[in-house]
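# Chain and residue survey
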Amino acid sequence: MVERTCKAVMGMTLAGLLPFFISCWASLAPWQASALLGLEEPASIIGFWQIALLSLLIYGAVILSFMGGARWGTAFGIEGDKPKTSVMIIAVTASLWGFFAAMLGAAGLVFGDPMNGGIGPLLPAGLYMLAAGFLVLLAFDVHAGYPILYVRLRILASLLAAATLLAGAIYAG
């Protein structure tokens, strides 16, 4: 039973990484991804690139917020336990950090640089913020005393998520 549960959790974790991988690939090679959709006009490819970066930004913010929420939920522990204030602060900070990173990144698209495909420097900054958020939250989770399976999955998922966010930020910058 435990082995089946571990496989299911690993499968769900990897499935949760798919939007990171797809968005990253589409933002690094928009001509390839847009060709799959039959988009071959330069303006269409640029628009597809913008959407890929925006999806990477939004999904990163959503998942960072989700990870903060997971921390929030585990802070309550057994019924009647008083949650640690420090854990609650980290949980809420992760969600707020994701929100502000997404807003900053979206501003980079709204006020984009026409010479850079409509992408301004604020969009890569938002992606960098999200990558940092995942790594900081990972550092706390590794030392929080969670079960080893959870910690291993968090290390794998957080490093891969941060890598896709960093790749998108570097390429967009």
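Please read these numbers as outputs of a predicted model, since none were measured by experiment. Per-chain numbering applies: the sequence of each chain, read as written, is numbered from 1 onward. pLDDT decides what is reported in this predicted model: residues at 70 or higher carry local features, side-chain atom pairs at 80 or more are listed and counted, and totals for whole chains, interfaces and linings draw on all residues regardless. For side-chain calculations, the full set of non-hydrogen atoms in the structure is used, while hydrogens and water are omitted.

## A look at the packing of helix 3 (residues 42–76) against helix 4 (residues 85–110)
Axes here refer to lines fitted to C-alpha atoms; in helices the fit is confined to the stretch in contact. Angles between the N-to-C directions go from 0 to 180 degrees. The secondary structure listing takes helices from DSSP runs of H or I that are at least 4 residues long and strands from runs of E that are at least 2 residues long, numbered from the N terminus. Running from N to C, helix 3 and helix 4 point in directions that differ by 170 degrees, and their axes come no closer than 7 Å. Taken together, the axes of helix 3 and helix 4 are roughly antiparallel relative to one another. For this scheme, ten residues count as nonpolar: Ala, Val, Leu, Ile, Met, Phe, Trp, Tyr, Cys and Pro. Four count as charged, namely Asp, Glu, Lys and Arg, and the remainder, Gly too, count as polar. Looking at side-chain class alone, the contact of helix 3 with helix 4 contains 18 nonpolar, six polar and one charged residues. Should an angle fall under 35 degrees it is taken as roughly parallel, and over 145 as roughly antiparallel, whereas 65 to 115 is taken as roughly perpendicular and any remaining angle as oblique.

## Remarks on the side chain of serine 158
Along the chain, the position of serine 158 falls in helix 6 (residues 148–172). For serine 158, a relative accessible area of 1% corresponds to the buried category. Beyond its immediate chain neighbours, meaning those up to four positions away, serine 158 contacts Phe134 and Leu138. Classification of residues uses two cut-offs on accessible area relative to the type maximum, computed with a 1.4 Å probe and protein chains only: under 20% is buried, over 50% is exposed, and between them is partly exposed. Every residue pair with non-hydrogen atoms within 4.5 Å of one another is taken to be in contact.

## Let's talk about the nonpolar core
A general trend in soluble globular proteins is that nonpolar side chains are found buried together. By convention a nonpolar core is built from buried Ala, Val, Leu, Ile, Met, Phe, Trp, Tyr and Cys residues, the set being connected through side-chain atoms within 4.5 Å. Residues Phe20, Leu53, Leu127, Leu130, Phe134 and Leu165 are the most contacted members of the largest nonpolar core, which totals 28 residues. For this core, the elements supplying multiple residues, two or more each, are helix 1 (2–28), helix 3, helix 4, helix 5 (122–142) and helix 6. The dominant element in this core, judged by the number of residues it contributes, is helix 3, at eight residues. Among residues more than four places away in sequence, those in contact with leucine 53 are Ser27, Ile119, Leu123, Leu127, Gly168 and Ala172.

## Considering the confidence of the model for the protein
For every residue, the predictor assigns a confidence score, pLDDT, that lies between 0 and 100. In this model, the protein carries an average pLDDT of 90, and 95% of its residues clear a pLDDT of 70 or more. Mean pLDDT per element in the protein: helix 2 (residues 30–36) is the minimum at 86, and helix 5 is the maximum at 96.

## Comments concerning the packing of aromatic side chains
Ring geometry is summarised as follows: Phe, Tyr and Trp rings, the Trp one being its six-membered ring, pair when their centres sit within 6.5 Å, and such pairs are stacked at plane angles under 30 degrees, edge-to-face over 60 and tilted between the two. Tallied over the full model, the rule gives five aromatic pairs. Considering the side-chain rings of phenylalanine 20 and phenylalanine 134, the 5.9 Å spacing of their centres and the 80 degrees angle between planes classify their relative orientation as edge-to-face. On the criterion of sequence distance, the pair formed by phenylalanine 20 in helix 1 and phenylalanine 134 in helix 5 is long-range, its members being 114 residues apart. In this structure phenylalanine 20 comes out as buried when scored by relative accessible area, which is 1%. Judged by its relative accessible area of 3%, phenylalanine 134 is buried. Here phenylalanine 99 and phenylalanine 100 contribute two aromatic rings whose centre-to-centre distance is 5.2 Å and whose plane-to-plane angle is 70 degrees, an arrangement assigned as edge-to-face. With relative accessibility at 45%, the residue phenylalanine 99 sits in the partly exposed group. In textbook terms, an aromatic cluster arises when at least three aromatic residues are bridged by ring pairs, as seen for Phe20, Tyr59 and Phe134.

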